[in-house]
Structures are given as C-alpha cells and as structure tokens.
Amino acid sequence: MKNLIIRGLSKTYLDPYAGAHVTAIADVSLEVVQGEFVSIVGPSGCGKSTLLNMIAGFIPPSRGEILLDGRSVKGPGPDRGVVFQSFALFPWKTVLGNVTFGPKMRGVPREERERIGREYLGLVGLAGAAGRYPAELSGGMQQRVGVARALANSPDLLLMDEPFASVDAQTRMTLQEELTRIWQERRPTILFVTHDVEEAVFLANRVIVLSSAPGRVLAELPVPLPRPRVWAPLVEDRDFKALVARVLGMVRPA
Amino acid sequence: MRGFRRRHWRADTAYDRVVGGPGGLRPAVAFLVPLGLLLMVWAVVVALFQVPARVFPSVGEVALAGVQSLSDGSLLHHTGQSLLRVLVGTVLAIAVSVPLGVAMSVSRVASAVLTPLFRFFSVLAGIAWIPIATLWFGYGFGAITFVIFNAVFFIVTYNTLLGVASIPLPLRYAAASLGAGPWRMLTEVLLPGALPNVVTGIRTGMGYAWRGLIAAEMIATNAGLGYMLFLARDFYRTEVILLGMIVIGALWLMIDRLLLAPVERATIERWGMVRRVG
Amino acid sequence: MARALRLLGLTLRWAAAHPGLSSFAPFVPILALWALLAASGLFPAVFFPGPMEVLRVFGTLMYKGVLPDYLEDSVIRLAVGAAAGMALGIPLGVLVGVSRRAHRLGWPVLLFFQAIGDIAWLPILLIWFGFGLGTMTFVIVYTVLFPVVLNTVLGVRSVPLELTRAAQSLGAPRFHILLEVIVPGALPNIVTGLRNGLGYGWRALIAAEMIVGTSGIGFLMFDARRAGQVTEILLGMIVLGLLWYFVDGWLLVPLERATVERWGLVAR
Ligand SMILES: Nc1ncnc2c1ncn2[C@@H]1O[C@H](COP(=O)(O)OP(=O)(O)OP(=O)(O)O)[C@@H](O)[C@H]1O
Ligand SMILES: [Mg+2]
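Residues numbered from 1 in each chain as written. Chains lettered and ligands numbered in written order. Predicted model: local features only at pLDDT ≥ 70, side-chain atom pairs only at ≥ 80, totals over all residues. Heavy atoms only, no water.

In terms of helices and strands, chain A carries nine helices and 10 strands. For chain A, the C-alpha radius of gyration of 18 Å lies close to 18 Å, the compact-globule estimate for 254 residues. Projected onto its principal axes, the C-alpha positions of chain A cover 50 × 45 × 40 Å. Sorting the 254 residues of chain A into buried and exposed places 56% on the buried side. Looking at chain A alone, contacts between residues at least 24 apart form 68% of all its contacts between residues at least 6 apart. (Helix = DSSP H or I, 4+ residues; strand = E, 2+ residues; numbered from the N terminus. Rg over C-alpha atoms; globule rule 2.2 N^0.38 Å. Buried < 20%, exposed > 50% of the residue type's maximum accessible area, 1.4 Å probe, protein only. Contact = heavy atoms within 4.5 Å.)

With that out of the way, let us pick up helix H6 (residues 122-129) of chain C. Residues and elements named next belong to chain C. Among the eight residues of H6, six are classified as buried, and the element is accordingly described as predominantly covered. Along H6, the positions that sit buried rather than exposed are Leu122, Pro123, Ile124, Leu125, Leu126 and Ile127. Just past H6, the residue glycine 130 takes up positive phi, approximately 75°.

A word on the pattern of salt bridges. Inspection of the entire model under this criterion finds 21 salt bridges over all chains. For lysine 93 of chain A, the salt bridge goes to glutamate 180 of chain C, with nearest N and O atoms at 2.6 Å. With one member in each of two chains, lysine 93 of chain A in the loop between strand S6 (80-83) and helix H2 (95-99) and glutamate 180 of chain C in helix H9 (residues 174-212) form a pair that bridges those chains. Of the two residues, lysine 93 of chain A and glutamate 180 of chain C, neither departs from the other in class, the shared state being buried. With a closest N to O distance of 2.6 Å, arginine 211 of chain B and aspartate 118 of chain C form a salt bridge. Of this pair, arginine 211 of chain B sits in helix H10 (residues 182-220) while aspartate 118 of chain C sits in the loop between helix H5 (100-116) and H6, placing the two residues on different chains. In this pair, the class of arginine 211 of chain B matches that of aspartate 118 of chain C, namely buried. Beyond isolated ion pairs, a larger network of salt bridges with shared partners links Glu112, Arg115, Glu119 and Arg186 of chain A. (Salt bridge = Lys/Arg side-chain N within 4 Å of Asp/Glu carboxyl O.)

A few words now on the sheet that holds strand S7 (residues 157-161) of chain A. All names here are of chain A. With mixed pairing, six strands are arranged side by side in an open sheet as S6-S7-S8-S3-S9-S10. In this open sheet, the two edge strands, each paired with only one partner strand, are S6 and strand S10 (217-222). If you compare each strand with its neighbour and ignore which way they point, the axes differ by 15° on average. With five bridges connecting them, strand S9 (residues 206-210) and S10 associate as antiparallel partners. For valine 209, the partnering residue across the bridge sits in S10 and is alanine 219. Each of strand S3 (37-41), S7 and strand S8 (189-194) touches helix H6 (residues 169-186); the most contacted strand, S8, lies at about 160° to it. (Pairing = 2+ DSSP bridges. Axes fitted to C-alpha atoms, helices over the stretch in contact; angles between N-to-C directions.)

Residues and elements named next belong to chain C. Averaged over all residues, the pLDDT of chain C equals 84, while 89% of them reach at least 70. Considering each helix and strand of chain C separately, the mean pLDDT is smallest for helix H1 (residues 2-17), with a value of 62, and largest for helix H8 (residues 161-169), with 94. For this predicted complex, the interface score ipTM comes out at 0.88, alongside a pTM of 0.82. (pLDDT = per-residue confidence, 0-100.)

A separate point is the interface of chain B and chain C. The partner chain C presents 77 residues to the 69 residues of chain B that form the contact. Carbon and sulfur atoms make up 74% of the surface buried where chain B meets chain C, a total of about 6,900 Å² over both sides. Our count for the chain B to chain C interface comes out at one salt bridge. Across the contact surface, chain B and chain C share five residue pairs in polar contact (both at pLDDT 80 or more). (Buried area = accessible area lost by both parts, 1.4 Å probe. Polar contact = N/O pair within 3.5 Å; in protein donor to acceptor, adjacent residues only side chain to side chain.)

With that settled, consider the pairing of S3 of chain A. Residue and element names in this part refer to chain A. Among the five residues of S3, five are classified as buried, and the element is accordingly described as predominantly covered. Here S3 shows two buried faces, one formed by Phe37, Ser39 and Val41 and the other by Val38 and Ile40. Relative to S8, S3 is paired through five bridges, and the arrangement is parallel. Its bridge partner being in S8, serine 39 is matched across the sheet by phenylalanine 192. Inspection of the sheet shows S3 paired to S9 by four bridges, in the parallel sense. Looking across to S9, one finds that valine 38 is bridged to arginine 206.

Glancing now at the sheet that holds strand S4 (residues 63-68) of chain A. Residues and elements named next belong to chain A. Taken in spatial order, the four strands line up as S2-S1-S4-S5 in an open sheet, and their pairing is antiparallel. Two strands in the sheet have a free side with no partner beyond their single neighbour: strand S2 (21-32) and strand S5 (71-72). With two bridges connecting them, S4 and S5 associate as antiparallel partners. Along S5, the bridge assignment pairs leucine 68 with arginine 71. Against the sheet, helix H1 (residues 48-56) makes contact with strand S1 (4-14), S2 and S4, and its axis sits at roughly 115° relative to S1, the strand it touches most.

All names here are of chain C. Inspection of the secondary structure assignment puts proline 51 in helix H3 (residues 51-64). A C-alpha to C-alpha distance of 49 Å links proline 51 and arginine 157, two positions 106 residues apart in sequence. Excluding anything up to four places from it in sequence, proline 51 contacts Leu31, Trp34 and Ala35.

Before going further, it helps to examine the environment of valine 59 of chain B. All names here are of chain B. Assignment of secondary structure puts valine 59 in helix H4 (residues 59-71). Residue classification places valine 59 among the partly exposed positions, given a relative accessible area of 25%. With sequence-adjacent residues up to four places away left out, valine 59 is seen in contact with Leu39, Trp42 and Ala43.

So, about the site of ligand 1. Lining the immediate surroundings of ligand 1 are 11 residues, of which Ser44, Gly45, Lys48, Ser49 and Thr50 of chain A lie closest. More than one chain reaches ligand 1: the nearby residues come from chains A and B. Take serine 44 of chain A: an N or O atom from its side chain is 2.8 Å from an oxygen atom of ligand 1. One of the side-chain nitrogen or oxygen atoms of threonine 50 of chain A is found 2.5 Å away from an oxygen atom of ligand 1. Here ligand 1 loses 67% of its free accessible area of 640 Å² to cover by the protein chains. Among the elements that line the shell around ligand 1, the one with the most residues is H1 of chain A, at three residues. Here the shell around ligand 1 is built from residues that sort into three nonpolar, five polar and three charged. (Near = heavy atom within 4 Å. Areas by Shrake-Rupley, 256 points an atom, 1.4 Å probe, with all protein chains shown as cover. Nonpolar A, V, L, I, M, F, W, Y, C, P; charged D, E, K, R; others polar.)

This brings us to a nonpolar patch on the surface. A surface patch of nonpolar side chains, about 450 Å² in accessible area, is lined by Val29, Val33, Leu37 and Met40 of chain B together with Leu105 of chain C. Among the elements that take part in the nonpolar patch, helix H3 (residues 27-49) of chain B stands out by supplying four residues, more than any other. With respect to the secondary-structure elements, valine 29 of chain B resides in helix H3. Taking the relative accessible area as the measure of exposure, valine 29 of chain B reaches 52% and is therefore exposed. (Patch = residues over 30% accessible without salt bridge, like charges linked within 9 Å, V, L, I, M, F, W, Y side chains within 5 Å.)

Okay, the packing of aromatic side chains next. If you walk through the whole model with that rule in mind, you get 35 aromatic pairs over all chains. Plain terms: the ring middles of tryptophan 42 of chain B and phenylalanine 56 of chain B are 5.9 Å apart, the flat faces sit at 85° to each other, and that makes the pair edge-to-face. Of this pair, tryptophan 42 of chain B sits in helix H3 while phenylalanine 56 of chain B sits in the loop between H3 and H4, placing them 14 residues apart in sequence. On the accessibility criterion, tryptophan 42 of chain B (14% relative accessible area) is buried. Overall, the relative accessible area of 24% leaves phenylalanine 56 of chain B in the partly exposed class. When the centroid spacing of 5.0 Å and the interplanar angle of 20° are considered together, the rings of phenylalanine 121 of chain B and phenylalanine 154 of chain B count as stacked. Separated by 33 residues along the polypeptide, phenylalanine 121 of chain B in helix H6 (residues 108-124) and phenylalanine 154 of chain B in helix H8 (residues 141-165) bring together distant segments of the chain. Grouping aromatic residues by their ring pairs yields a cluster made of Phe118, Phe120, Phe121, Trp129, Trp136, Phe137, Phe146, Phe149, Phe153 and Phe154 of chain B. Over the ring of tyrosine 208 of chain B we find arginine 203 of chain C; its NZ or CZ atom is 3.5 Å from the centre of that ring. (Phe/Tyr/Trp six-rings, centres within 6.5 Å; stacked < 30°, edge-to-face > 60°. Lys NZ or Arg CZ within 6 Å of the ring centre and 35° of its normal.)

Here you go:
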C-alpha cells in the first residue's frame with residue numbers, strides 16, 4: 001500500500017512586495033489511499049495550489065510533514081506525476097518526445113520508451129499526433145499529452161492542479177469523462193485540485209473541502225456515485241445534485 | 001489557446017518574483033558592489049604580479065590620469081565634443097526619420113517598396129559610412145556627425161515603417177469607424193502604435209552610433225574620446241587609454257540604462273511586447 | 001525628367017504587386033535614380049560615380065582577385081569570431097542565468113564591459129598585440145560575446161518555472177534540465193543575441209579593418225579613401241550590405257524558422 005499521509009501542514013509566504021506574511025495553508029491533515037481518486041475543492045486563493053506544490057516538492061512546507069509510502073517528501077521526484085493548468089509541455093519536443101521524457105530520464109532504452117509513449121498516447125486518444133509539436137495542437141489535445149506524459153512515468157501519485165481550467169467547456173466535459181475512464185482502467189492514485197464543485201464531485205471517490213484563506217479542511221465527503229461516470233445522465237441525477245449543493249453550501253456559505 | 005506565449009508566463013518566473021518587486025534588491029548598490037570588487041581585483045593583481053605600466057596601468061595611475069585630465073580640462077573637452085556630436089546627430093536623425101517613416105508608411109505601395117530599402121541601409125548604418133563621409137565632408141565635425149546621423153536615421157526610419165505596418169488593421173478600422181479623420185488617425189493611432197518600434201530603433205541606432213562615434217573619432221578628428229584614446233596609444237599611455245575606456249563605458253551605460261532602457265520599457269513592456277537586452 | 005518620374009512610379013507599383021520579388025525589386029528604381037543623378041552631372045563624378053562605374057570596378061577587382069580574397073578574409077574573421085563568441089557566451093550566459101550568486105556578481109560587470117564597446121578596446125589591444133590578427137580576433141569575439149551572454153541570461157531567466165518543475169517531477173537530473181529545458185527554452189533569446197552580436201560584431205570588424213587592417217572589406221574601403229577612390233568605397237558598402245543580407249537570410253532566418261517558430265515560441 002502506497003499511502004499519502006499529510007500531518008499538520010502549514011505554509012506561510014513572505015510577500016516580497018508588501019513585506020508581510022501571508023498564511024496560505026493552516027494545519028491541514030489528510031490521507032489518500034492507493035488507487036483512490038480524491039478531489040480537493042475550495043474557493044479561489046485558499047491555498048489549493050500551495051498544498052499541491054508542497055506535495056509535489058516544489059516548495060517546502062513551513063510546518064508539518066508529508067509522507068509518501070512512509071518516506072518524507074524532500075523535493076520533486078518521479079514518484080509524483082504532475083499535470084499543470086498551463087500544460088507545461090516542452091514546446092521544443094514533439095508529442096512523443098514529451099511523453100517519453102520521464103522514461104528517458106530513467107534510462108529506458110529508446111525502443112522500449114517509444115512503445116510506452118505510444119501506449120499512453122493511445123490511452124488518451126492521441127495515437128496519430130505523436131510527431132507533432134505542442135504548438136500545433138489545440139488546448140484540449142495539449143492537456144491530453146500532459147496527462148499521458150505524467151502517466152507514462154508510472155507515478156505512485158498523480159497530482160493535478162486545475163488541469164482543465166483553461167480549455168473550453170465542451171472539451172472540459174470530454175476530458176473529465178476520459179479521465180474517469182482512464183482511472184477505471186489503470187487505477188492510478190489521483191489528487192485533483194479544482195475550484196469547480198461539479199467537477200470535483202463528478203470525478204472523485206472522495207471530496208475534501210477547504211475553507212477560504214488560510215485553507216483548512218472543512219469536510220471530507222465520500223462520493224458514492226456509480227461508475228462509469230458520464231455527464232449526460234449524471235447532471236440530472238438527484239444524488240449528484242444533492243452532493244454538489246452540499247459542497248457548494250460549504251464553499252460559498254450564504 | 002494555440003501556442004505557447006512566453007510573455008504570458010513571464011511574471012511567473014522565480015526571478016521576477018524575487019527581484020521584480022519594488023521591495024527587491026536596491027538597484028544602485030547591487031550594481032556598484034560587483035564593480036567595486038572588480039576594481040579591487042585589478043588593484044591586487046597589478047600589485048601582486050608587478051604588471052608593467054606599459055602593459056596594464058595600476059588603479060592609482062589611472063586615477064591620477066583622471067585627476068590631471070580633469071584639472072587641465074582636457075577630459076571635459078573631449079567628452080563634451082563626443083557628446084555634442086552624438087546629441088546633434090541623433091536629434092537631427094530622429095527629427096527627420098520619424099515623420100518620414102510615418103509619411104512613407106501611409107501609402108501601401110511606398111511602404112512595401114521602401115521597407116527593404118531601408119532595411120538594406122540600416123544594415124550599413126554607422127561605421128561603414130566613415131570612408132565616404134570623410135571624403136564628402138573632410139575630417140572633423142561634419143563627417144562624424146554624418147556617421148551618427150546615418151546610424152540613427154536608417155534604423156529609426158526602418159523601425160517606424162515596421163511599427164506602422166505592425167498596427168493591426170482592425171485597430172485602424174475601429175478608429176476610422178469612430179470618426180477619426182486622417183490627422184486624428186495619425187496622432188491617435190499611427191504614431192502611438194509605432195512608438196514601441198520607434199523607441200527600439202532609437203536604442204539600437206544609438207548603440208551603433210556610439211560605437212561609430214568612437215571609431216570615427218579615432219580616424220577622422222582631433223578631439224573627442226576616441227581621439228583621446230588613439231592619441232594616448234601613440235605614447236603608450238595605457239593609463240589614459242584605460243581612463244578613456246572607463247569613461248566611454250560609464251557614459252554609454254548611463255545613456256542606455258538611465259535614458260533609453262527606461263523609455264523603451266515604458267512603451268514596450270507596458271504594452272505587452274517582449275523585452276530585450278544588448 | 002517627367003518621363004523618368006513616370007517610369008519610377010510604374011516600377012514602384014510593379015514591385016508592390018509582386019511581393020515575392022519585393023525584396024529585390026525596390027532596388028531597381030533606386031539604381032535608376034542613382035544612375036540618373038550621376039549622369040545629370042549635379043555632383044562631380046569623382047565624388048559621386050554611377051552604378052555602371054561601380055560595376056566596372058567590381059569587374060576589375062574580381063578579375064584581379066582582390067575582392068574575393070578580401071571578402072574571404074572578412075567572412076572568415078566574422079565566422080571565427082561568431083563561433084568563439086557563441087562557444088564562450090552561451091555557457092557563460094547559462095551559468096549567470098541559473099545561479100543567483102553568479103547573476104548578482106556577474107550582471108553589472110557584464111553590462112559594464114558591454115558598454116565599453118569593442119572599438120574602444122582597439123588602442124590598448126594595439127599595444128598588447130600590435131597590428132595583427134590577435135587584435136582583430138579579440139575585437140570580434142568581444143563584440144559577439146556580450147549580446148549573446150546578456151540575451152542568454154535573459155532567456156534562461158524567462159523559461160517558465162512550470163517547465164523546470166515539470167522536468168523535475170518527471171525525474172530529470174539537474175544536468176538534463178539544463179540541457180533539455182533551460183537551453184532550448186532560452187533559444188529564442190540566444191538567437192536574438194546572436195543576431196545583435198553579429199550586427200555589432202561585423203561593424204566592429206569593419207572598423208578594426210579600417211584602423212588596423214591589412215586586408216578585408218573594411219581595409220579595401222579605407223584604402224580607397226586614402227587614394228580618393230569613391231567608386232571602390234561604394235562598392236565596399238554594397239558588398240557589406242549584400243553580405244549581411246545573405247548571412248541573415250540564409251543563416252539566421254532559416255535557423256529561427258526551424259526552431260523557434262516551429263515550436264510556437266515568440267521570437268524577437
Ligand atoms: N509565491 C508566493 N508568494 C507569496 N504569496 C503567495 C505565493 N503563492 C501564493 N501566494 C498566496 O497564497 C495564497 C494561496 O495561493 P494559492 O495559489 O495556493 O491559491 P489557490 O487556492 O490555488 O487559488 P486559485 O484557485 O486562484 O488557483 C494566496 O493568497 C496567494 O496570494
Ligand atoms: Mg491555484
């Protein structure tokens with residue numbers, strides 16, 4: 001079992017402009033079990049990205065600890081894959097070059113890593129785009145590459161920070177459905193950050209609600225909706241709507 | 001959503017977060033300390049290895065040369081001559097080239113035809129004109145000012161042409177449909193739209209002009225910083241040469257960093273275009 | 001005169017209608033105008049020779065082999081200078097760009113040395129190396145170096161943080177991040193730096209050839225000036241302009257198109 005355990009995590013920034021201290025995350029504790037799909041929702045600016053960046057190892061916590069599989073997180077590493085809101089694809093590498101980057105860093109021989117790359121491109125429905133450059137793809141396609149790139153490295157934990165926030169509404173729904181399908185097929189552990197309550201509920205097995213700044217855990221709600229999840233029936237579903245309304249009530253108290 | 005626009009991400013670099021803010025490093029101090037260190041290295045190395053003055057002068061010798069040339073007025077004389085030439089050449093060039101560039105760009109045919117032409121001449125700008133300038137004007141003020149004028153004129157005209165051409169057509173349509181006549185179009189759309197390019201052109205052109213000035217002064221006159229340096233070479237007075245180099249560097253640094261770069265930043269970065277050094 | 005003007009207008013319009021030719025076509029009316037002016041006798045012919053005269057001198061110098069030799073000298077100097085400038089400048093720029101300490105110390109020093117400018121070095125270089133290849137090489141390398149370094153630094157610093165983070169979380173070691181993320185990410189600026197550097201470097205070359213040279217296009221022009229040969233000076237200028245056109249059009253622009261533009265990065 002490769003669990004993520006977070007205890008008493010806090011982050012305080014020193015604002016370089018104002019010279020003041022800003023507490024982004026205050027005393028957050030949570031656990032994620034292997035194979036789980038967990039969403040984190042919270043109002044804008046509550047520290048969701050800060051939390052995710054600390055788990056990814058991009059920024060150090062001010063207090064508290066992050067344990068992955070019993071080991072403390074010290075910096076970024078290939079055991080945690082990250083999918084960025086801005087895609088963060090390497091513009092100078094082809095789609096295949098992007099997806100095979102992780103295996104290449106691990107020293108996987110070319111043939112083998114290209115096989116892996118094509119497999120994951122197939123998984124996200126981009127088998128035909130292997131030789132193209134990111135700039136030649138639409139936003140939705142670029143993020144598919146982003147997902148494939150992170151998965152191709154077989155991480156223990158997949159971290160996603162509002163990955164679908166900068167694609168258009170229709171594409172976003174397609175990507176969300178695809179992500180639930182991929183999760184069902186491969187069972188990666190996913191921690192998905194968003195401010196979109198419907199998205200959080202639609203995707204996850206469990207939703208963690210953060211308070212407005214500084215972020216604390218307000219509630220954890222299981223999502224007992226059946227899979228596969230598809231938007232068309234689900235938007236009308238009473239359980240789905242009730243759950244969304246409940247979370248919304250916590251994120252935006254009247 | 002196509003493509004990857006670096007300018008959108010620029011504010012996201014770690015560097016900008018640390019140094020970008022008004023509370024960042026104190027610019028002047030942060031700038032001078034490394035140069036002071038360099039000065040110390042120079043002093044120590046010359047003393048330690050007993051470098052002969054004919055190869056490289058000591059800090060003291062250069063300082064002495066500075067004091068002497070200041071007190072007999074020669075440094076001010078040469079510097080004044082150089083700056084005057086740059087000022088006259090540049091001001092004349094800008095006064096002619098910006099109106100000319102805008103006027104030419106109003107006609108589509110004229111701008112399509114003249115742009116490559118000015119590109120060609122802006123490539124030649126500056127030093128390449130020294131031989132013919134000295135033939136046409138003789139040695140002295142005229143030839144050197146002409147070289148500077150040339151360096152600035154062609155590049156600024158070319159950039160003005162480019163600048164007007166780069167104004168999006170919808171912007172012109174918008175202005176026209178809002179009732180702008182030709183004059184208003186010029187002052188409200190064409191000139192401000194071309195301004196970032198014009199300013200970049202001035203900065204580039206002056207960079208070439210400054211170097212052209214030094215070269216021309218070495219060849220074609222009997223006053224100015226370039227002449228001072230070249231004369232000192234005849235007598236192996238390395239301390240005067242070093243002094244001159246430092247003055248040339250410091251002057252250009254001030255012109256560029258305190259005058260040109262801020263103006264360029266004010267127009268270009270403000271309007272979301274890409275920044276540039278050197 | 002009126003007919004000449006009409007002809008001029010016609011050529012202008014024709015040139016505008018053929019955008020493919022438009023980079024060469026505009027020189028046709030200018031050549032015509034030049035020929036007209038020279039023929040009109042407004043200026044004394046010694047000071048203002050016509051295009052045919054320049055062409056004739058071109059033929060003579062080509063035949064004698066002077067022009068090809070000098071051109072070769074200049075181009076080789078420029079190429080060597082550019083290569084050395086890049087070989088030194090890119091690593092130095094990357095170092096100053098990624099290391100905060102190196103940046104704090106190095107940046108002002110770089111700016112200062114860049115501001116001194118190549119040509120101001122000539123007198124002391126002449127004392128050190130004499131009138132020779134050492135002086136010339138130093139000047140060109142120096143000139144190319146700084147724009148490359150400064151722009152590389154800027155490029156390195158403008159690589160989006162997310163890209164390095166992405167590489168890190170894909171398991172890339174430091175060296176690979178440098179090679180596969182930082183350097184390509186800085187490439188648009190490196191190309192800009194190279195362009196600026198060549199622009200400055202080749203002017204410096206001309207100046208150096210004029211002042212210390214014994215061969216090269218700059219020397220050709222200055223030698224002609226001593227002899228009062230305006231025609232050769234004009235020829236030299238035209239050769240210089242064309243040379244830059246080719247370097248830019250055959251080397252830099254294709255390079256940019258194959259990399260920066262293909263990747264969708266904004267150049268300039
Ligand atoms: N590098 C930083 N320096 C200083 N303050 C920061 C920094 N990064 C974030 N903050 C502050 O920390 C708080 C939380 O930011 P964070 O980006 O984590 O929020 P978020 O929940 O991801 O918001 P959003 O939904 O808009 O993405 C904000 O007040 C923000 O201004
Ligand atoms: Mg965020």
